[in-house]
Amino acid sequence: MAIHIIDRRLNPGGKSLENRQRFLRRAKSLVQGAVKKTSQDRDIKDVLEGGEVTIPLDGMHEPRFRREGGTRDMVLPGNKKFIEGDYLQRSGQGSAKDSGPGEGDSEDAFRFVLSRDEFVDLFLDDLELPDLAKRKIAQTESEGIQRAGYTTSGSPANISVSRTVKLALARRIALKRPRKEEIEELEAAIAACTDEDERTELIARLEALKAKSKRIPFIDPLDIRYRRFEMVPKPVAQAVMFCLMDVSGSMSEHMKDLAKRFYMLLYVFLKRRYKHVEIVFIRHTDRAEEVDEQTFFYGPASGGTLVSSALQAMHEIVRERFNPSDWNIYAAQASDGDNSYSDGELTGLLLTDKILPVCQFFAYLEVGESGGSAFDLSDSSLWTLYERLRNSGAPLSMRKVSERSEIFPVFHDLFQRRDTAQEKAAP
Amino acid sequence: MTERLFEGADWDFRTLQRITDACEEVALKDLGLDVYPNQIEVITAEQMLDAYSSVGMPLFYKHWSFGKHFAFHEASYRKGLMGLAYEIVINSSPCISYLMEENTATMQTLVIAHAAFGHNHFFKNNYLFKQWTDAEGILDYLDFAKNYVMQCEERYGRTEVERTLDAAHALMSHGIDRYPGKKKLDLRAEEKRAGRRRQHEEEVFNDLWRTVPAGKSKSRSALSVERRRKLLGLPQENLLYFLEKSAPRLAPWQRELLRIVRHIAQYFYPQSQTKVMNEGTATYVHYRIMTQLHQQGRITDGNFLEFLGSHTNVVFQPEFDDQRFSGFNPYALGFAMMQDIERIVTRPEDEDREWFPDIAGKNDVMGVLRDVWANYRDESFIGQFLSPKLMRHFRMFHLHDDPEERAGIRVDAIHDERGFRRVRRELARQHDVGYIDANIEVVDVDLSGDRRLILHHHVIKGSQLNETDAKRVLQHLADLWTYDVALIEVDANDKVLREYVVSPRPIPAAVA
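You'll find chain B entered in an unreviewed UniProt entry as Spore cortex formation protein SpoVR/YcgB (Stage V sporulation), with Bradyrhizobium huanghuaihaiense given as the organism.

Chain A appears in an unreviewed UniProt entry as UPF0229 protein IQ16_03064 from Bradyrhizobium huanghuaihaiense. In the Sequence similarities (unreviewed entry) part of its UniProt record, chain A is described as follows: "Belongs to the UPF0229 family."

Okay, here's the thing in structure tokens:
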């Protein structure tokens with residue numbers, strides 16, 4: 001009898017992926033709720049690692065006709081002292097056994113692990129940059145060139161040497177073209193050979209090998225591959241996000257932490273959801289500087305506060321690098337709200353005259369001390385200023401945050417997809 | 001001395017081949033087994049998890065519930081709450097056994113003996129499997145089912161298909177024929193049948209028929225109740241079959257989906273009835289083969305000890321007051337019974353001669369066992385072959401728990417002269433699917449009135465349906481039936497205990 005032994009280990013994995021995705025799609029609202037809940041008490045870095053979530057069973061339940069109650073008879077092993085006719089006391093509740101996934105009546109939650117991608121996707125699913133489409137449509141698109149695999153025809157300039165040699169090598173091995181060493185070895189053997197018969201035989205073999213290596217070329221036109229390029233439309237209208245953060249002495253560690261968390265989230269969101277978003281980091285004390293990501297999030301700094309310096313810096317960068325007719329410009333500012341009194345006027349002017357007209361969206365996040373008692377007092381100078389601007393019709397979004405756990409809801413609130421936001425507003 | 005099959009724990013594919021050959025020699029020559037051709041596949045842990053979530057089958061249609069099971073298994077496996085099985089074996093011809101790559105050489109020998117010969121013989125020879133499953137056709141059928149579901153999703157939308165499958169899955173345990181029908185199941189013909197019917201529909205389609213005025217329909221009230229029930233084939237306990245044939249408003253593809261789910265449920269039906277026997281057979285076979293190989297000197301003492309370690313774990317039976325207890329372990333009970341039969345056949349005592357006059361002292365162990373494996377299921381097997389000695393060994397006792405009884409749970413019988421037969425009868429009943437599954441059947445349809453479908457649940461021993469689940473299942477049933485569905489729970493005296501009525505949910509407008 002023939003027995004087949006098959007190695008399946010190299011079969012493509014992820015056979016259950018499709019089913020898993022269906023499950024996630026079906027449980028989407030539940031999972032999303034769970035993701036948001038879990039992410040509140042986690043570090044942003046941890047959030048982005050994915051992890052375990054728990055969803056309620058309801059809705060994921062697969063019902064069956066099940067019987068319960070009534071008189072029960074059972075045969076058990078391990079009798080030690082009972083004899084027929086004994087009565088055993090019932091111990092309160094009959095101990096119900098744990099049931100399998102999604103079985104049973106219990107309100108038990110269903111736990112499972114989400115991968116990093118699944119987690120972040122779900123987390124950011126209902127967020128978007130407001131009004132991004134507006135200018136994109138208005139602008140014409142230009143064509144760009146992009147690598148797109150290999151082709152068998154093309155211009156000599158585009159020959160991909162490595163790919164060609166790889167194919168040639170495969171072909172030579174497949175057709176058993178004699179290697180140079182083999183021929184040399186044979187030649188050496190012939191030279192060393194004394195026996196006439198053997199010599200003729202070796203020479204015949206050498207001839208055969210040589211003929212074969214002539215028949216099978218080292219590189220065949222068949223092997224040649226060219227790099228292929230494709231024209232892809234490139235949207236001219238692109239987005240740039242300005243992140244303005246106050247790092248002055250009045251910002252406590254807690255406040256800086258909150259602001260950093262907010263930006264970190266923003267950063268992940270933008271990187272993940274939008275291909276063409278540029279991000280500019282500006283931090284300021286009494287003077288502003290453009291910094292790289294690393295310095296922005298982790299570099300220490302302190303000093304006085306002049307908010308206008310940051311706005312001025314942003315204005316200059318816009319003028320130099322981001323033409324407002326080509327770019328969607330967004331800005332998010334985080335601060336504790338303290339600003340030197342004399343600077344208020346200038347800040348207001350810069351904002352209304354220079355910044356807001358070119359901005360699609362301007363978000364202001366005011367961070368406060370833990371406990372939030374500060375907010376019960378009077379509003380900060382910056383908040384008062386911005387509120388006045390907003391009331392006179394400037395497109396400003398403003399939120400206050402004083403606890404870590406508020407970061408996620410506020411973030412969601414700010415970047416919620418507009419249509420869903422409207423749906424919620426008018427059910 | 002014969003050559004060793006392997007040394008240490010490592011194995012490669014040549015080792016597997018040698019092991020399989022050696023096992024085959026013992027299985028066919030010494031034990032006289034009759035098996036399907038074997039196909040052995042080595043898989044990874046991840047693939048094992050995949051297999052878990054699609055009820056162990058190598059291919060299956062797509063459905064979210066399998067994804068749910070996968071997520072669940074994966075989470076508990078990652079946390080170390082759950083170990084994976086050493087193997088999975090599929091009742092098909094050729095018989096496919098999946099082996100985990102991380103098993104040691106000894107474990108591979110064990111699982112090859114267990115699955116590729118033990119289970120394989122049982123699948124091929126047990127009457128239930130012969131009657132209800134079509135080992136040659138199952139893989140092709142699953143392939144057909146997978147493609148069919150996929151096509152349906154393309155044509156009618158994923159939500160629609162999912163809705164039908166959800167409903168069918170809820171009724172799966174009641175989509176089984178319990179009594180053999182006229183002809184044997186031929187799964188290969190199923191695919192052709194479905195194709196032919198589609199073709200026929202396309203050929204005879206003529207839009208003109210729509211315009212032909214319908215004649216006066218016969219008065220329905222003239223049908224007597226008896227006649228009506230006969231026409232509908234009632235009473236019918238196979239709910240899926242009834243819906244497939246008689247639900248008034250199902251589309252042909254929905255009927256086909258019900259049919260697929262029904263066939264698959266039927267395929268697994270024998271397995272649920274023969275857990276003890278099937279595992280008992282396989283465990284007995286691997287034990288015999290391993291011992292034989294050790295005696296021949298083809299397995300070292302060390303490896304044999306390793307085998308005995310795993311074997312003992314597998315056949316461990318915790319006692320009822322043990323934390324680990326969760327009912328009878330089918331491996332333990334099955335293996336103990338097979339060994340006990342071996343003892344009765346070769347070294348009977350007076351008690352055995354009295355209890356088992358037919359087989360005691362017959363001396364042909366394999367002949368008797370092969371006959372038992374072929375002709376019994378768990379219930380009849382335990383009912384006939386559980387010996388007093390074994391009941392004493394397991395110290396079995398029978399508890400009767402009547403909620404009405406104030407004094408507590410009564411010990412009804414124990415492993416003594418007076419109790420042997422009662423304990424045995426009760427244990428056999430515990431393994432009777434007729435007792436385990438709720439007995440629900442379609443009894444009538446109100447054809448002249450509102451087309452309400454009427455089901456009865458015959459309540460045994462006062463054990464009624466779980467309310468939440470019953471309502472949900474009935475909701476699915478009503479959605480398929482598209483009119484009201486009533487489920488009446490009646491006891492043995494036809495007294496109505498409870499009545500459920502469920503109306504179908506409105507179908508979303510998107511149905512094309």
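Points about the interface of chain B and chain A
In this assembly, 78 residues from chain B lie in contact with 56 residues from chain A. Looking at the side of chain B that touches chain A residue by residue, the class counts come to 31 nonpolar, 27 polar and 20 charged. Sheet topology note: the strand β4 (residues 72-76) of chain A/strand β4 (residues 397-401) of chain B ladder contains five bridges and is antiparallel. What sits directly across from Met-74 of chain A, in β4 of chain B, is Leu-399 of chain B.

Here we look at the domain arrangement of chain B
Residue and element names in this part refer to chain B. Considered domain by domain, chain B is made up of domain 1 (13-126 + 274-309), domain 2 (315-435) and domain 3 (438-502). The C-alpha centroid of domain 2 is placed 26 Å from the C-alpha centroid of domain 1. The partner domain 2 presents 19 residues to the 14 residues of domain 1 that form the contact. If one sorts the elements of the side of domain 1 that touches domain 2 by residue count, helix α12 (residues 275-295) sits on top with eight residues. For the side of domain 1 that touches domain 2, a count of residues per class yields five nonpolar, seven polar and two charged.

Comments concerning the nonpolar core
Counting residues in hydrophobic clusters, the biggest one holds 157 residues, and the most contacted among them are Cys-23, Phe-117, Ile-289, Ile-341 and Val-485 of chain B. Examining the composition of this core, we find that eleven residues originate from one element, helix α4 (residues 105-125) of chain B, more than from any other. Setting aside residues no more than four positions away along its own chain, Val-485 of chain B makes contact with Leu-453, Leu-455, Leu-474, Leu-477, Ala-478 and Val-502 of chain B. Counting 57 residues, the second largest nonpolar core, distinct from the first, contains Tyr-267, Ala-331, Tyr-364 and Ile-407 of chain A.

The rules behind each value
Residues numbered from 1 in each chain as written. Chains lettered and ligands numbered in written order. Predicted model: local features only at pLDDT ≥ 70, side-chain atom pairs only at ≥ 80, totals over all residues. UniProt positions renumbered as here; feature names shortened; annotations may be inferred. Contact = placed C-beta atoms within 7 Å. Nonpolar A, V, L, I, M, F, W, Y, C, P; charged D, E, K, R; others polar. Pairing = 2+ DSSP bridges. Helix = DSSP H or I, 4+ residues; strand = E, 2+ residues; numbered from the N terminus. Domains from an automatic or database assignment. Core = buried A, V, L, I, M, F, W, Y, C linked by C-beta atoms within 7 Å. Buried ≥ 20, exposed ≤ 12 C-beta atoms within 10 Å, placed from the backbone.

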